[in-house]
Amino acid sequence: MARLVMKFGGTSVANIERIRNVARHVKREIEAGFDVAVVVSAMSGKTNELVGWVNESHKHYDPREYDAVVASGEQVTSGLLAIVLQEMGIPARSWQGWQIPIETDNAHGSARIARIDGAGLIEGFERKEVAVIAGFQGVDPATGRIATLGRGGSDTSAVAVAAAIKADRCDIYTDVDGVYTTDPRVVPRARRLDKVAFEEMLEMASLGAKVLQVRSVEMAMIHGVKTYVRSSFDDPENPQLGTLICDEEDIVEQQVVTGIAFSKDEAQLTLRKVADKPGVAAAVFEPLAEANINVDMIIQVVSDDAAHTDITFTVPAAEFERTRAILEKAKGDIGYTTLQSSGDVVKISAIGVGMRSHAGVAAAAFRALAEKSINIRAITTSEIKFSVLIDAAYTELAVRTLHSLYGLDKA
């Protein structure tokens, strides 16, 4: 029989009533002829509560015990959904990550999946049994300890399970009915997309779109897992299909720009009057790399005297103060005159695989933003996207301008 993985996020399982709604979605797919594995998140707000308890207990906690605590949220949800399915007359059992097992490395709190043995799940299918899997977690085989996958890890769990059992597809149910051309709260005329290429979704997820976790998209692309983004709040008897994340070759008509993403979690730093000589860039960015601080946009401008340069770059807003402290400590090695910084910035990005074959896509955006008197602080580009850094006050205007510029308002 065909196999299907269904993943439900925290808002979809927030209480027993919603868990019963999830069970009705599962029942529909069983009646359609699928063997079903369900991956669930913790009930909405529960993980934050558990993390708060850990932080309250000890500031310098053991990460292995942190994982033991926070993984319990998904365990509760998986057991409750199995009970509700059984009440409906559907054979089901709950699985924790270590029982499958989902084997990970030992990076507790942000572990990566090494392998999954899907044999037990497949044996359950032969008994017509739904597998209800606690997402977000696995086991470090070297120690036998629970390891969690980091925020959004249930998406990654679901795609990995789908790859392991060779599922026909993986349906990610959330509180939105698909992937939109941009955030509908900013642009009311934003449209739901029928299909998005893996590469586009990877860029959207990393550039501010919150629909899917980046690692889950990477895994889906590597293993060729067709993934749907759907709404758990649709009528279980008549749901919408949502947005399919798939290979570029599966999309017949590809727009030049598929979507506009934005991220407010940015901070900009500029080092003034840095000596323009070999090794200076390494002196700036090596300490940040050692501190696991991800640097994004980088601009280097040589001054008029040709002996000095200014270096501007961005980091996640959460790393702003730590970055400043590291740079101030390394001032002697770097040799800059002043350090300027701003946290009141936003990164706006346009994404589309169609950019590969169209010239002037970014230039049109720069002109459109200039006509709205929006100053660009920094620019970065790749084959299928470009990003601009602007003052946060112009976020909505910039997003709406680019959304209209590329015809994304049109049905």
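Each chain carries its own residue numbering, running from 1 in the written order of its sequence. Residues qualify for local features only when their pLDDT is at least 70, as the model is predicted, and side-chain atom pairs are given and counted only at 80 or more; totals for whole chains, interfaces and linings, by contrast, use all residues. For the side-chain quantities, the full set of heavy atoms in the structure was used; hydrogens and water were omitted.

1. Brief notes about the UniProt feature "binding site: ATP" (unreviewed entry) in the protein chain
UniProt positions are given in the numbering used here, feature names are shortened, and annotations may be inferred rather than shown by experiment. Taken from the UniProt record, the annotation "binding site: ATP" (unreviewed entry) applies to K7, F8, G9, G10, T174, D175, Y180, R185, K210 and V211. Judged by maximum C-alpha separation, these annotated positions cover 205 residues in sequence and are scattered in space, the widest gap reaching 24.7 Å. Elements are defined by DSSP. Helices are runs of H or I of four residues or more, strands are runs of E of two residues or more, and each kind is numbered from the N terminus. On the secondary structure map, F8 appears in strand β1 (residues 3-8). Buried, partly exposed and exposed residues are distinguished by accessible area as a fraction of the type maximum, computed with a 1.4 Å probe on protein chains only: under 20%, between the cut-offs, and over 50%, respectively. The class of F8 is buried, set by a relative accessible area of 0%. Working rule for contacts: check all heavy atoms of both residues, and any pair within 4.5 Å makes them a contact. Apart from the residues within four sequence positions on either side, F8 is in contact with V13, V22, H25, V26, V38, V39, V40, S41, Y173 and S232. Mapped onto the elements, G10 comes out in the loop between β1 and α1 (16-31).

2. So, the packing of aromatic side chains
Note on aromatic contacts: the rings of Phe and Tyr and the six-membered ring of Trp form a pair at centre separations within 6.5 Å, being stacked when their planes are under 30 degrees apart, edge-to-face when over 60 apart, and tilted otherwise. A complete count under the given rule lists four aromatic pairs for this structure. Ring centres 4.6 Å apart and planes at 15 degrees place the aromatic pair F8 and Y173 in the stacked group. Separated by 165 residues along the polypeptide, F8 in strand β1 and Y173 in strand β9 (residues 169-174) bring together distant segments of the chain. Neither residue differs from the other here; F8 and Y173 are each classed as buried. Between F285 and F313, the ring centres sit 5.1 Å apart and the planes meet at 75 degrees, which makes this aromatic pair edge-to-face. Of the two residues, F285 is situated in helix α9 (residues 280-290) and F313 in strand β15 (residues 308-316); the sequence distance between them amounts to 28 residues. Across the pair, exposure class does not vary: F285 and F313 are buried alike.

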